[in-house]
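Here are the chains, one letter per residue:
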Amino acid sequence: MKIPSSILKPISQFISKPRFFSIYYSSTSTSDIEIEVQTILDTFDPIEDPLETLVPFLSRNVVTSVLQGQCDVQSNFRFFNWAMKRKQFRSWVSHNSMIDMLCGSNGFELAWKLFEELKKSGITIVPQAFVVLISAYSKLGMADKAVESFGRMKEFGCRPNTFTYNTILHLLVEKEVYILASAVYNQMLKTDCRPNGATYGILFDGLFKEGKPEDALHLFDEMTQRGISPNAMIYTIIISGLCQAKRTDDAHGLLSKMKLNSCCPDLITYNALLNGFCKLGRIDESLELLESFRKEGFVLGLNGYSCLIDGLFRAGRFDEACDWYWMMRHENIVPDCVLYTIMIKGFAEAGKLKDALKLLSEMSERALVPDTFCYNTLIKGFCDLGLLDEAKSLKLEISRHDCFPDSATYTILICALCKEGLIEEAQHIFTEMEKLGCSPTVMTFNALINGLCKAGEQKEANLLFCKMEIVANPAVFLRLSQGADPAHVSAIVKKRVEHLCDSGLFLEAYKLLMRLADSRVVPNIYTYNILINCLCKARNIDGALKLFGKLQTKGPFPDAVTYGTLINGYQRVNREKDALAVFDQMVERRCTPTLVVYKTLITCLCRKGNVALAFSHWLKYLRDLTDREEGKIKEVEDNFNRGDLEAAVRGLLEMDMRSKMVDLSPYTIWLIGFCRAGRVEEALKIFSILEEYKIDVTPPSCVMLINRLCQEGEVDLAIDVFLYTLEKGFRLMPPVCNQLIKSLCSQDRKNDVGELLTRMRSAGYNLDVHLNQTTKAMLRASTPSRYRNSNTYITNASL
């Protein structure tokens, strides 16, 4: 029981001779001072004034020892609040001890009760007290309470310092609430609280995770302008982030700048850069970097080997990956769970599942527990080879290691079952997943919906889609936001969050963002694309349009695949005008058409013989490419408009060859388009130019050209094209071969027929199978007897 302060004398009055005070305490042990502090905590209320008399004799170790030996949370927290006013008493040990104490029974309740008492007594609450409270909430996963605590600091007359801001920023970045983190940083600047290197390190990490490398680099410049020199940790965060953003060359340049600024890279820096190059498949450059790093004293450790081995497997260099693994083992470096998983994945993807299983057993022998991710890697390997029973057995084995199948495990199995056409079993796995409390992700839903669509179970797919929407039950704001321009919505959300933060309503800002992120199984654009594609393939264009309309009003925002799928759907039902209208809408809404979309569109146009418009759209596509010269494109366009097709096609081919990206698709589409339009002469020009440039004309183009030439009576030209296919080793389907032979027979060209049949047989055609009954009848009536006697195929055909 505490003694009222009114009947207590200050501790100094118990010392009869104050002049000997320092001598008395200097001669006593640390434990004696701890006892004095403990006595004050047990008997005085308030404790602050008595503790002030002990300041000259206290140390960081004494403060820590008192905190660790005291059981009363409220008393300890008050002592902590008093001690943290002075830098010399602060330590990470005390900080962490207080966090652990608050996480205990009634810790938070007692902390807030103490804050109320201190507020009433007019005693200052230091920012460090709120920092440990925020950290304790965060440690127990109570992020909303942590944010609320930060927001209530003003209520208790406590102004956040840099350390407090860094604590809350770290939590927000960890929870991926990047918009709020940005708003809190801006609030920090408005209150004239100076950010430090740690502040920027946290923000850089968040911006890279959010996929905003440019913003991170701008902030890096802002940091240096504020006079904060980047240390090795900051450089490493930026280098690692740039590598994650696939900007490894920029990362390499920053490493050079780091060295020029006399900041030495460490193992983490070197590993981050090596990992970046390896992830992009730039293995040879990675090995060159490794060699240069070794000259600077870098020693490849476990993490470095893991990066390199993973990169080699990704690049398909299986033997080299194994060589590096054994090189590492010879250096007595023991693999961890991460490297074993990399090795298991590499063996599984190479189809060496027995070796992968041996590695799994080896892990257990080394007392390394395989995690769910490790098992998922192996399960996928079995699924890829169609060994579903083995995959399902591994799923059951996971629980033996105190792990549990996760959403990825079930998604892998559902994908594999759907691929094998086992839709009912996939649905059973999906139901089992839900019963066991493992929430399906959007990928899980997509896998099953895709499987149902491919199996023609459109009704079931639609029902699952509806379930997906019902389960999600996303906030209205999310619904509205996904239907609008994403950049515009992001700006609205950001403005709203900043307004709430300016008002000190940090918890409200956090809750708003959590509501938006809550619905993790909201149908994404991939879901909609699956269903729209399924409807288009079934020629149910009206159903596809209805879903497309829903997409535009509710979200998510249609992408290039959505528009391309719809254009392709219109093409299937011969609605070219509607296809063009969708394309125009796509461009109007600033959704950049992909190469596939352009190809679909020009195919659609050429099918109706509108080659000129198809050509125009292809030039539009080329203008969007960075490596094509506008002057050359204009020259091609002028030649085409003048009717000089040959010059136009040659100009296009030369541009393609300079860029080292010759795409045969447009030339094939135009050739077929000219044939459909009855402009066979122009089709032949394209054929001849492609042959001249030693670019193989596709079999479909040859078939279309042969048929059109035969229809127009140009049989000699048709034979030339057919002989071209024989030289290239193409095997054409029976209809076109029969068409050509019939055309020759109808012109009574017996010798040419016989020669052609001989050439076809030499090329490997089984003419008894390839020629239909009508053609055989014509041959029987027109083929010279010498061909009947000298060719077994004629005998077999009873000619």
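Residues numbered from 1 in each chain as written. Predicted model: local features only at pLDDT ≥ 70, side-chain atom pairs only at ≥ 80, totals over all residues. Heavy atoms only, no water.

Caption draft 1: Expanded view of the overall build of the protein. Secondary structure assignment for the protein yields 48 helices and zero strands. Here the analysis covers contacts within the protein between residues at least 6 apart in sequence; of these, 64% occur between residues at least 24 apart. Counting every atom, the protein has about 39200 Å² of accessible surface; 52% of that belongs to carbon and sulfur. (Helix = DSSP H or I, 4+ residues; strand = E, 2+ residues; numbered from the N terminus. Contact = heavy atoms within 4.5 Å. Areas by Shrake-Rupley, 256 points an atom, 1.4 Å probe, with all protein chains shown as cover.)

Caption draft 2: View of helix α43 (residues 734-746). Between the first and last C-alpha of α43 there are 18 Å, a value that for 13 residues agrees with the 18 Å anticipated at 1.5 Å per step. Residues Val736, Cys737, Asn738, Leu740, Ile741, Ser743, Leu744 and Cys745 constitute the buried set of α43. The first or second residue beyond α43 is Asp748, which carries a positive phi of 60°. (Expected span 1.5 Å × (residues − 1). Buried < 20%, exposed > 50% of the residue type's maximum accessible area, 1.4 Å probe, protein only.)

Caption draft 3: Spatial organisation of helix α40 (residues 680-692). When the terminal C-alpha atoms of α40 are compared, their 18 Å separation across 13 residues agrees well with the 18 Å that a helix rising 1.5 Å per residue should span. Contacts made by the buried residues of α40 are with α38 (645-658), α39 (665-676), α41 (699-711) and α42 (715-728). Lys694, located one to two residues past α40, shows a positive phi value of around 60°.

Caption draft 4: Representation of the packing of aromatic side chains within the structure. Overall, the coordinates contain 35 aromatic pairs when judged by the stated rule. Residues Phe77 and Phe115 carry aromatic rings whose centres are separated by 5.5 Å and whose planes lie at 45° to one another, so their mutual orientation is tilted. Taken together, the positions of Phe77 in helix α5 (residues 73-83) and Phe115 in helix α7 (residues 107-121) put the pair 38 residues apart, joining distant regions of the chain. Look at Phe77 and you get buried, because its relative accessible area is 1%. Ring geometry for Tyr667 versus Trp670: centroids 5.5 Å apart, planes at 85°, classification edge-to-face. Of the two residues, Tyr667 and Trp670 are both situated in helix α39; the distance of three residues between them amounts to about one turn of the helix. There is no split in this pair, since Tyr667 and Trp670 are both buried. (Phe/Tyr/Trp six-rings, centres within 6.5 Å; stacked < 30°, edge-to-face > 60°.)

Caption draft 5: Layout of the side chain of Thr562. Inspection of the secondary structure puts Thr562 in helix α33 (residues 560-572). Sequence-distant contacts of Thr562, defined by excluding residues within four places in its chain, comprise Ile525, Asn529, Ile532, Phe548 and Leu551.

Caption draft 6: A look at a positive patch on the surface. Together, Arg539, Arg607, Lys608 and Arg676 line one region of the surface with positive charge. Here Arg607 lies in helix α35 (residues 595-607). In this structure Arg607 comes out as partly exposed when scored by relative accessible area, which is 33%. (Patch = residues over 30% accessible without salt bridge, like charges linked within 9 Å, V, L, I, M, F, W, Y side chains within 5 Å. Salt bridge = Lys/Arg side-chain N within 4 Å of Asp/Glu carboxyl O. Lys, Arg positive; Asp, Glu negative; His and termini not counted. Charge placed at Lys NZ, Arg CZ, Asp CG, Glu CD.)

Caption draft 7: Broad picture of the side chain of Thr164. Secondary-structure assignment places Thr164 in helix α10 (residues 162-174). A distance of 2.5 Å separates polar atoms of two side chains, one belonging to Thr164 and the other to Asn161. (Polar contact = N/O pair within 3.5 Å; in protein donor to acceptor, adjacent residues only side chain to side chain.)

Caption draft 8: Structural view of the environment of Lys467. Along the chain, Lys467 turns up in helix α27 (residues 458-472). When the C-alpha positions of Lys467 and Phe445 are compared, they lie 9.5 Å apart, and in sequence the two are 22 residues distant. For Lys467, the contacting residues outside a window of four places in its chain are Phe430 and Glu434.

Caption draft 9: Layout of the packing of helix α26 (residues 442-454) against helix α31 (residues 525-537). The N-to-C vectors of α26 and α31 enclose an angle of 5°; their axes lie 9 Å apart at closest approach. When the axis of α26 is compared with that of α31, the two are roughly parallel. On the side of α26, the interface is formed by Val442, Asn446, Ile449, Asn450 and Cys453, while α31 contributes Tyr526, Thr527, Ile530, Leu531 and Cys534. Split by residue class, the contact of α26 with α31 holds seven nonpolar, three polar and no charged. (Axes fitted to C-alpha atoms, helices over the stretch in contact; angles between N-to-C directions. Parallel < 35°, antiparallel > 145°, perpendicular 65-115°, else oblique. Nonpolar A, V, L, I, M, F, W, Y, C, P; charged D, E, K, R; others polar.)

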